[in-house]
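Close look at the chain arrangement
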There are 2 protein chains.
Amino acid sequence: MTTGTSHSQSSRAVTLEHPGLESACEAIVDGLEREALVTVFGRCTVDYEGRASSTLEAGDRHVMLKPDGAVLVHTDEGQQPVNWQPPGCEHDAFCESDAEANAESADEPDGDVEPRRLVLESVRSTPEERLRVRFERVLQVSTFSGTDESDLSLSGTEEDLRQRILDEPDLLETGFTPLATERETSAGAVDVYGEDAAGRTVVVELKRRRVGPDAVGQLRRYVDALERDLHADADVRGILVAPSVTDRADRLLVDHGLEFVSLEPT
Amino acid sequence: MTTGTSHSQSSRAVTLEHPGLESACEAIVDGLEREALVTVFGRCTVDYEGRASSTLEAGDRHVMLKPDGAVLVHTDEGQQPVNWQPPGCEHDAFCESDAEANAESADEPDGDVEPRRLVLESVRSTPEERLRVRFERVLQVSTFSGTDESDLSLSGTEEDLRQRILDEPDLLETGFTPLATERETSAGAVDVYGEDAAGRTVVVELKRRRVGPDAVGQLRRYVDALERDLHADADVRGILVAPSVTDRADRLLVDHGLEFVSLEPT
DNA sequence: CGATTGATCTCGCCC
DNA sequence: GGGCGAGGTCAATCG
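Residues numbered from 1 in each chain as written. Chains lettered and ligands numbered in written order. Predicted model: local features only at pLDDT ≥ 70, side-chain atom pairs only at ≥ 80, totals over all residues. Heavy atoms only, no water.

**A word on the overall build of chain A**
Within chain A, the secondary structure is distributed over four helices and 14 strands. For 266 residues, the compact-globule estimate of 2.2 N^0.38 gives 18 Å, and chain A exceeds it by more than 25% at 28 Å. Each of the three principal axes of chain A carries a C-alpha extent, and together these read 90 × 55 × 30 Å. For chain A, the residues scored as buried account for 45% of the 266 residues in total. Taking contacts inside chain A between residues at least 6 apart in sequence as the whole, the part at least 24 apart equals 57%. Working note: accessible area of chain A is about 12,900 Å², and carbon and sulfur atoms make up 45% of it. Each charge class in chain A was averaged separately, 27 positive and 55 negative side chains, and the resulting centres sit 5 Å apart. (Helix = DSSP H or I, 4+ residues; strand = E, 2+ residues; numbered from the N terminus. Rg over C-alpha atoms; globule rule 2.2 N^0.38 Å. Buried < 20%, exposed > 50% of the residue type's maximum accessible area, 1.4 Å probe, protein only. Contact = heavy atoms within 4.5 Å. Areas by Shrake-Rupley, 256 points an atom, 1.4 Å probe, with all protein chains shown as cover. Lys, Arg positive; Asp, Glu negative; His and termini not counted. Charge placed at Lys NZ, Arg CZ, Asp CG, Glu CD.)

**Concerning the UniProt feature "domain: Endonuclease NucS C-terminal" (unreviewed entry) in chain A**
Sequence positions flagged by UniProt for "domain: Endonuclease NucS C-terminal" (unreviewed entry) are, in local numbering, residues 158-265 of chain A. Helix and strand shares over residues 158-265 of chain A are 33% and 31% respectively, and the end C-alpha atoms of the span are 7 Å apart. (UniProt positions renumbered as here; feature names shortened; annotations may be inferred.)

**Describing the sheet that holds strand 13 (residues 237-242) of chain A**
Residue and element names in this part refer to chain A. With mixed pairing, the five strands of this open sheet are ordered in space as 10-11-12-13-14. Looking at the sheet topology across the chains shown, the edges are occupied by strand 10 (177-185) and strand 14 (259-262). Direction aside, the axes of adjacent strands within the sheet are offset by 30° on average. Where strand 11 (residues 188-195) and strand 12 (residues 201-206) come together, four bridges link them in antiparallel fashion. Residue pairing across strands places glycine 194 opposite valine 202, the latter belonging to strand 12. (Pairing = 2+ DSSP bridges. Axes fitted to C-alpha atoms, helices over the stretch in contact; angles between N-to-C directions.)

**A word on the interface of chain A and chain B**
With 74 residues of chain A at the contact, the number on the chain B side is 74 residues. Together, the buried faces of chain A and chain B total about 5,800 Å²; carbon and sulfur atoms form 49% of this surface. Here chain A is connected to chain B by six salt bridges. Taken together, the links from chain A to chain B amount to 36 residue pairs in polar contact (both at pLDDT 80 or more). Counting residues per element, the side of chain A that touches chain B draws most heavily on strand 3 (residues 53-65) of chain A, which supplies eleven residues. Along the lines of polarity and charge, the residues of the side of chain A that touches chain B split into 22 nonpolar, 30 polar and 22 charged. Note that strand 3 of chain A and strand 9 (residues 153-155) of chain B share three bridges and pair antiparallel. What sits directly across from serine 53 of chain A, in strand 9 of chain B, is serine 155 of chain B. (Buried area = accessible area lost by both parts, 1.4 Å probe. Salt bridge = Lys/Arg side-chain N within 4 Å of Asp/Glu carboxyl O. Polar contact = N/O pair within 3.5 Å; in protein donor to acceptor, adjacent residues only side chain to side chain. Nonpolar A, V, L, I, M, F, W, Y, C, P; charged D, E, K, R; others polar.)

Have a look at this one:
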């Protein structure tokens, strides 16, 4: 139905430039009610309290409120937000008319006072957490709605590496036979479980990229657990599969009689 | 200049609503040259190739280009971007006039044809990676500049937990004496190194939150390494300090003769 | 819900 | 630049 440039009704972007705090607040509240994605850019402070606690003094930042409850506060640097809240929050936006704060401006009339702050608050439970962004100045408010039905198609993951081995077990070792994936042990699920040409049990731990000591520890736990689980006292081989290993990890592998096979996901 | 709240010159937000692809591109290029933070909202596809590779079919998304080279592509769900690129990229924006793509519209004149796509490309090396966002429709382009001098002040971290123990070593155990932090061993640096009332060596691994099997593996590696490093064959005590442990982790602790002390950062 | 683990993890520190 | 570990990690899966 769309030839070239006709706009689908469901896609919308509404923007206020340099709004007063009151009108900014109205636009935000309206956007949240419409389940839109809302962004606010301006000078603000940020306070967080929950799993940890943090404060951030005034500065210009970009704040994104998502309809699923997520919040992101971005500065002009870094991939990660300086502050955030995961999905599942309830967003709230309101103006603070300084009534609660300080009573120093008692000479001001009580009527149409320009509010001192625009506050964005996002709260969730389990765990109890709260993020509060206080704007003293707003340069832009936008609300976006649109449609996105597509899912990301990703390759080069650990899952791809596993599939590669299941499709061609000889890549691991001639005569290897995979018997299960995600096989449960008392130490957790093993990536690939199988046996070698001689019929010995083999535990395979997969990593999509170069590994350090932690991955060896993981493999170690699975091998130990299986040797105990099988209570046959039969030796269990542990093979780490990854593109490469660090020196320290390699030493650990040798120390504990574990093996390494170099393989990449692609 | 505007009423009441005077705007600092350095803070700016410039917005285009429903721009053509050409004018959108100009605004983006201009923003990138001015080292501004640039956002684009519209219908786009996304392709990534690098450590892994991914594709995403057309949908409405919010794209942020940061002056440090970071890119974030956000849908209306999730805290994490659906696609991204870390800081260090070179951004590029240009229009695709369909010349290279398909020659099916050969009847079109070669002159002032409305471009079919606006392309954002962000590339870096080490590792070689490329993110490409192709817009068929742009609902909004914004460029933001501002100032942000402040650093985040965070508490409730592992560092706070360490300080708590150094300030009051008896919290760990009566008679404990810390001797070093980040003490190097052949397995890496130990969080806190010290000795107990009886003069035995103690290795402390700190975690700010409830821990699982991985943390036990870490502590294990440090204890093993120290016992070998000290080559005195003297037994080394390993103590995991965290708010709590999972069942599996607790079993591992017991199995390997390690100890646990419950402590929180705050 | 909690537990476990992967991730294009990112980030910072230190060699 | 690589190694190593923390993170308010997040997100997915499973019991």
